[in-house]
Structures are given as C-alpha cells and as structure tokens.
Amino acid sequence: MLTVVVASLRARWAMFAASFVALALGVGLLTAMGLGLASTFDAPQRPPERFASSPVVVIGQDRLTVEVRRGPGTTEVSKRLPHPHPVDTDLVRELRRLGTVVSAGGPEAVGVDAPADAVRRLVGDRAQVLTGDDRRRADPDPERDAQALVALNALLGTAGGVSAFVSVFVVASTFAFAVALRRREFGLLRTAGATPGQVRRLLLAESLVVGALASAAGCALGGRGAPMLAGALVDGEVAPEWFAIREGISWPFHVAFWTGLLVALAGVWAASRRAGRIGPAEALREADVDTGVLPRGRLLTGIVLAAAGLGLLVWGLATDPAELLKRKTYTTRPMILITAVALLAPLLVRRTARLLPLPCAAGMLVRENTAASVRRTAAVAAPVLVTVALAGSLLGAAQSVSGSRAAEARERTTAQLVVTGERLRVPELRGATVSPSASTAVFVREEGTALVGFEARAVGDPAAFAELARLPVRAGDLRDLDDRSIVVSEEWEHHKVGAMIDVWLGDGRPARLRIAAVLAIGAGGNGAFITAANAPTAAVDRIDVRESGATTPASLTARSDLAALSDALRRTTGGTVRGVDDWAAATHPRTSPQTRLGLLVVLGIALVYTAIALAGTLLMATSARSGELASLRLAGATRAQVLRVVAGEAVLAVTVGAVLGAAVTAVNLAGLGAALTSLSAPVTITVPWGTTGTALGACATIAVLAASASFPRGRSR
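As the structure is a prediction and not an experimental result, all values here were calculated from the model. (Residues numbered from 1 in each chain as written. Predicted model: local features only at pLDDT ≥ 70, side-chain atom pairs only at ≥ 80, totals over all residues. Heavy atoms only, no water.)

(A) Spatial organisation of the overall build of the chain. Of regular secondary structure, the chain possesses 22 helices and 16 strands. Out of the 717 residues belonging to the chain, those deemed buried represent 49%. Considering only contacts within the chain whose residues lie at least 6 apart along the sequence, 80% involve residues at least 24 apart. As displayed, the chain has an accessible area near 33,000 Å², and 58% of this comes from carbon and sulfur atoms. (Helix = DSSP H or I, 4+ residues; strand = E, 2+ residues; numbered from the N terminus. Buried < 20%, exposed > 50% of the residue type's maximum accessible area, 1.4 Å probe, protein only. Contact = heavy atoms within 4.5 Å. Areas by Shrake-Rupley, 256 points an atom, 1.4 Å probe, with all protein chains shown as cover.)

In structure tokens form, the structure reads like this:
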C-alpha cells in the first residue's frame, strides 16, 4: 500500500500541491497564533515604581470581597473598586513612630521605611500591607499590562479559530474535488479487483502522508513567523510595545501539528467513503453533467446547521438581545450559517447560477457549463462564500455596533456643550443649565452566585440631570432620583420601580437604594445612575451644559452666545469643551484602528486561504477538461473564445459564492438590526462595501488567472 501511495503522490503532485500549501499555511498560522496566545497569558513582572525606595507600602482597601454561593457551599469573590479607601490619617500618624513615611501624591497609599512585621502588627485589618513585588499594587493602574493583553488575547484567539475554520473548508473542498476528478481512476481500480476498503485506505494514506509533511513544514514556518507576527502587532499598536514571544513554549507546536493532521484526515474522510462506493461501470460511463453531488449525510448536516444558526439567532433575540452585540458572539455565530450554506452549496449553486443573467450565446454556454458542473462550481464558490460572509458579517457587525453606540450617546443628552477632563471644576453660570457627573461603579450580588459590577455615573445635580438627559426610560421618572435611590437598566436582575435593592458603591460601602427609574439596555448598556452623595470621592469628569430656554440644536442658536458660553467653560472648568456632536464622535465607542486592524488580519487569513483554494481547484479543473475544450475548438470556436468561456465560468462561480456570502451577511446583519431595535438603540447598519468589494475583486482576479494559466496551449486537430 505504501508503494502505491508514494507512486500516486509522485504522479499527481500538482493535484496535492494546493492541499499541501493550504495545510502548511494553516498549521503555520496556528503555530504562530498559539505562540502569541501563550505569550499573552502572563504580563511581565515589573518592579514597583511609585514606592520603589520604600520596603513596605500601606494601602487602603482597594477591593470589594463578597461571599457568594458555589454549589452546596460558599466562597468569596473580589472586584477591584474604582475608588479605593484612603489610608486613615490616624494610622499614618502611628506609622511615623515606626519609621519614615512617604506619600507619593495620593492619600490611598503611603510608603514606610520600617520592618514589615512591625507594620503588620500596627496596621492589623485597618489597611493592607504590601512588600516585595506586591508593592506594584500601589502604582497608578497596576493592572494596565494585563489589561493591555486582553484585546490581543481575543484577537489571536479569534484569528486562530478562523484559521482552523477556513483551513477545514479549503482542505476538505480541495480533497473532495480532487477525488471527484479521479472517479474514472477509481473505477479502473475497482475493475482490476480493488475493494471499496482498499480505495478508502489509499485516499486516507495519501492524506496522512500529505498531512504529516505539511504539518511539519507548517510548524517550522510558524516558529519562524511568530516573532515577525509579534513585531507587526507592536508596530500596528495592537500589542503593547514590550510584547514579545516567550521562549521555551512547546504546546502550540503539538496542538498545531496534530490539528493539521486531523484536518487532513477529516477533510478526506467523507470523500474517501464516496470514492469507495464507486462501481466499475459507474465511473467508466460517467457523463459530464454532475449528479448525486449532495449525499444524504451532507444534506442533513447542512439543514441541521442552518436550523441551529437561525435558531440561535431567534433565541438570542427573544432572551438576550444584548448578547448579539458582543464581539465574541458576532464573530463566532456567523460561522455556523457559513458552514451550513457551504455544505448545501451543491444544492444552491445550480439554481443561483441560472438566476444570474448573462447575454449572448457565450453567456448562455458559461451559465449552463457552470450549472452542469456542480462540483467544480461549489468547490470554487465555497471559499468565496467564506471570505465575503466573514468580511460582511465581522466588519459590518463591528461598524454597526460602534455606530449605534455613538449615535446613542448623541441622542441621550439635550446638551449643547459637553466638558470632559479629570477633576473638573463645576462652574456657576447664569442663563445655563449645568449637569456635572462623575464616573463610578455599582456592584450587586445576582442570584446569590455572582458579584456583578455595573458602570455608573454619579450625578451632581439631579434636577439638572433630569432636565438635560434624554434616556430611554421604560418605567419610573428620572426626576425621582435622590440620595436614597438609583436608576438602573433592564439588564439588572431586579428592575422594578419602587423596589429596594442591596448594592455596594464604588468605594465598597454597602447601601440599600430604591429603584427610581428603569432604562432600556441600549447598544452599550445604559448602566446605572446615582447621586454624588453616594460617590463622594468620585471626581467630576463630565459636565453637560445647555443655555436656559434653548430648544434647538446648537447649530441653530446664536453663535455668539454659544461661543461666549464655551469660553466661560474653558476658563472655569479646566477641561475640554466640545459641541455635543464633536464630543460623541471623539469620546464614545467607535471601531478603533486596533480593532479594525485585528479584523482585517482575520479577513486577510481568509483571503489567503481563498486564493489557495481557487488556484488549486481551477488549475485541477481546467487541466482535466482538455477533451471538452478541444471539442469546442473542433466545433469552430477560436482559442480566444474558449479562453473567454473558461474565464467567464470562473467569474460566474465566484459570483455565485459572492451571492451566497451576501445572503449569509444579510441574515446576520438583519439579526443585529433586530437586536438593536429590541434594545431601543439607534439602528445604524453599516455594510463594508469597500472591504468586501476589494476581497471579491481579488477572488475574481485570482480565479481568472488560475483558470487561464491552466488552459491548454496546444492546437486542436
């Protein structure tokens, strides 16, 4: 058997080249992504900065610890407080008796030059005592390094998942089409006495050899490419400047190698079973029109996945529409529908091709050839479907959600001017309504099993807040907000107006507050609102301002009055003054360059795979059609005419894939629009025409070049 396999691979090396390259590239990407992912698990251990010269640091309580249920027992969970407790002045006075006390700009921490044991005995449970590397917790934003790796971790994980997802498509479709082209060969083998099991083992052995060699090459490629990937991520500001691939990591190589081998075997498994069922006479009398191209198992799997994809979408809309707006959801769920449509492609491509209008006799010939050669058309359309659907769904969803959040921020205030900055001074202005607020958080124990933190704003003037805010109130009244109440959203477990809820404030204090109003969730989650009395240490970072009596947008009011108001705010607040439109564009969620770069990396991976699949499939298909193309020449067609037909078939197959991909995108974006509507958020569906069109143009160019390159150059006789 091994001799036959080696001889088969040597004789048909061109047929296996596309699968080898695709698999090697996939394993290489998985290796590089795995090495990068492993390097994001731990942030570098940095030395203390703020109190580097102090052997002991005393800090106030900076975490909220609450007991929750876990199974039959309980456990403690902690959340970092946005407003840590200061170190008590009496405690600082006592610490000075032990040694030198250093305060580095804030009351929440002090450095002490004294023995650690003596400091711990003195402090007790009044504060926290840090020594060694733990002193970093007193630095500004001590978790910034770990937080900087969160987005990178998500990007590499998504890119690795897309690599595995698309590589399965490419390898499976390439192997399946290669097997379809060898039906006559298998018929001859059956005529010579080969059993169905021998035919299956031959194909599996071929894929095992190709998979092992390609996986080994991919591991070597990924090991060399990982440092370059890290450098590119740093240059693109996706990763922090100190990010680098850690040494001594081996598990990504093992995962990538065995995944590649498994993908190769899985890709050829279904094709080998079909090949084993080929009878001697069936292959020898096979017609050029494809029949029986959609086995029952593939049909059922496609239907089940389509039902699952649509069912999950409907279920999400009915139960938790906000979940559909999360990046993890709109990145992964479209893959279910993409897989379903790709599996059902043989059923769809013929109908889709015949719906597309093509003029003249050559166009009719192109359309009928494309519709008749279902296997070839489906093999070309599937990778294009993946690329178009991913481009439309991923970029479209990201841009739509970001646009909706920005529009929502603009609609949630009737202010004309917004001042932003740190520790703003609140002005007293005649003839204007001024609503200051501060960023804070509120914590609640939900279902007794989880401590959930919600972003919140502490309102300095509830009356001015109620006048300027234009929030989507579902129940209650914003004017009822006071020091003993809270405004929550429907995202909260308990959200009935008038109900009393137990919460922990941003400084960790427990409070029992009455629900004054309930808001719709919105595109970004409308969070919670409390009064400044419940966040006394939160510094004002936003001030909404509107001229008293103004009922029109800022662009329609007296420009001189508004300019004078802006100048007064700049002088008195110490912050940045913007018109509300400029503020919404500058400070609220948009698709950041880093996020866009990450999505383009994912789409680039899909496009590279698509190029390999298109080139490999069309090179094999066109070279196998030499007899058919020679017949066209004998019928009087010139070489240029036949070449145009071949190129036209390639473009039409790409168009069919684009139509199917656009249909998947439309379903996904329609579900996103329905989710935004149900959340009372602005619906701003954005279709990334430019990126999708560029990807589609690249697919069409590659298809035409591959089909033309394999066109027979000899003269027909």
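Continuing now.
(B) View of the environment of Ala586. Position of Ala586 relative to the elements: it lies in helix α18 (residues 580-587). Once the C-alpha coordinates of Ala586 and Ala406 are considered, the two residues, 180 residues apart in sequence, prove to be 9.3 Å apart.

(C) Geometry of the side chain of Thr610. Of note, Thr610 is situated in helix α19 (residues 593-623). For Thr610, a relative accessible area of 1% puts it in the buried group. At 2.4 Å, the side chain of Thr610 and the side chain of Thr387 are in polar contact. (Polar contact = N/O pair within 3.5 Å; in protein donor to acceptor, adjacent residues only side chain to side chain.)

(D) Representation of the packing of aromatic side chains in the model. Applying the stated criterion across every chain, the model contains four aromatic pairs. Centroid distance Phe41 to Trp251: 6.5 Å. Interplanar angle 5°. Geometry classified as stacked. One end of the pair, Phe41, is in the loop between α2 (13-38) and β1 (56-59); the other, Trp251, is in helix α8 (residues 251-276), with 210 residues separating them in the sequence. Under the relative-accessibility criterion, Phe41 is labelled partly exposed at 47%. Between the aromatic rings of Phe257 and Trp258, the centroid separation amounts to 5.1 Å while the plane-to-plane angle is 90°, which identifies the pairing as edge-to-face. Look at Trp258 and you get exposed, because its relative accessible area is 53%. (Phe/Tyr/Trp six-rings, centres within 6.5 Å; stacked < 30°, edge-to-face > 60°.)

(E) Region of interest: α18. Taken together, the buried positions of α18 are Val580, Trp583 and Ala584. The arc that holds every buried residue of α18, seen down its axis, measures 95°, which confines them to one face. On its buried face, α18 sits against α15 (374-411), β7 (417-420), β15 (540-547) and β16 (576-579). (Arc of directions from axis to C-beta.)

(F) How the structure looks around helix α22 (residues 689-709). For α22, spanning 21 residues, the distance from its first C-alpha to its last is 30 Å, which sits close to the expected 30 Å at 1.5 Å a residue. When α22 is considered as a whole, its buried residues turn out to be Thr691, Thr692, Ala695, Cys699, Ala703, Ala706 and Ala707. For α22, the buried positions fall inside an angular range of 130° around the axis, keeping them on one side. Along α22, exposed side chains directed more than 90 degrees from the buried face belong to Trp689, Thr694 and Leu705. (Expected span 1.5 Å × (residues − 1).)

(G) The arrangement of the sheet that holds strand β5 (residues 109-113) in detail. One open sheet accounts for four strands, arranged β4-β5-β1-β6; its pairing is antiparallel. What marks the edges here is a single partner per strand, and that holds for β4 (100-102) and β6 (128-131). If you compare each strand with its neighbour and ignore which way they point, the axes differ by 30° on average. With four bridges connecting them, β1 and β6 associate as antiparallel partners. (Pairing = 2+ DSSP bridges. Axes fitted to C-alpha atoms, helices over the stretch in contact; angles between N-to-C directions.)

(H) Examining the nonpolar core more closely. Judged by nonpolar contacts, the single largest core of 66 residues is most densely connected at Leu152, Val166, Leu325, Val349 and Leu390. Breaking this core down by element, the ones donating at least two residues are α2, α5 (144-181), α7 (196-235), α12 (334-343), α13 (345-355), α15, α19 and α21 (639-678). In terms of residue count, α15 provides more of this core than any other element does, 13 residues in total. Discounting residues that sit within four places of it in the chain, Val349 has contacts with Val374, Thr377, Ala378, Ala381, Val656 and Leu660. Counting residues in hydrophobic clusters, the runner-up holds 20 residues, among them Val442, Trp492, Ala511 and Leu513. (Core = buried A, V, L, I, M, F, W, Y, C linked by side-chain atoms within 4.5 Å.)

(I) Broad picture of unusual backbone geometry. Despite not being glycine, Glu447 shows a phi value in the positive range, around 55°. Within the secondary structure layout, Glu447 lies in the loop between β8 (432-446) and β9 (450-459). Here Glu447 falls in the exposed class, since its relative accessible area comes to 57%. In this structure, Ser680 is a non-glycine residue whose phi angle is positive, near 60°. Position of Ser680 among the secondary structure elements: in the loop between α21 and α22. Classification of Ser680 by relative accessible area gives partly exposed; the value is 28%.

(J) The arrangement of the packing of α21 against α22 in detail. For the pair α21 and α22, interaxial distance at closest approach is 9 Å and the crossing angle is 150°. As the angle between them shows, α21 and α22 are arranged roughly antiparallel. The crossing of α21 and α22 is right-handed. Within the contact between the two elements, α21 uses Leu643, Val646, Ala647, Ala650, Val651, Val654 and Ala658 and α22 uses Leu696, Cys699, Ala700, Ala703, Val704, Ala707 and Ser708. (Parallel < 35°, antiparallel > 145°, perpendicular 65-115°, else oblique. Left-handed = near helix turned anticlockwise from the far one by under 90°.)

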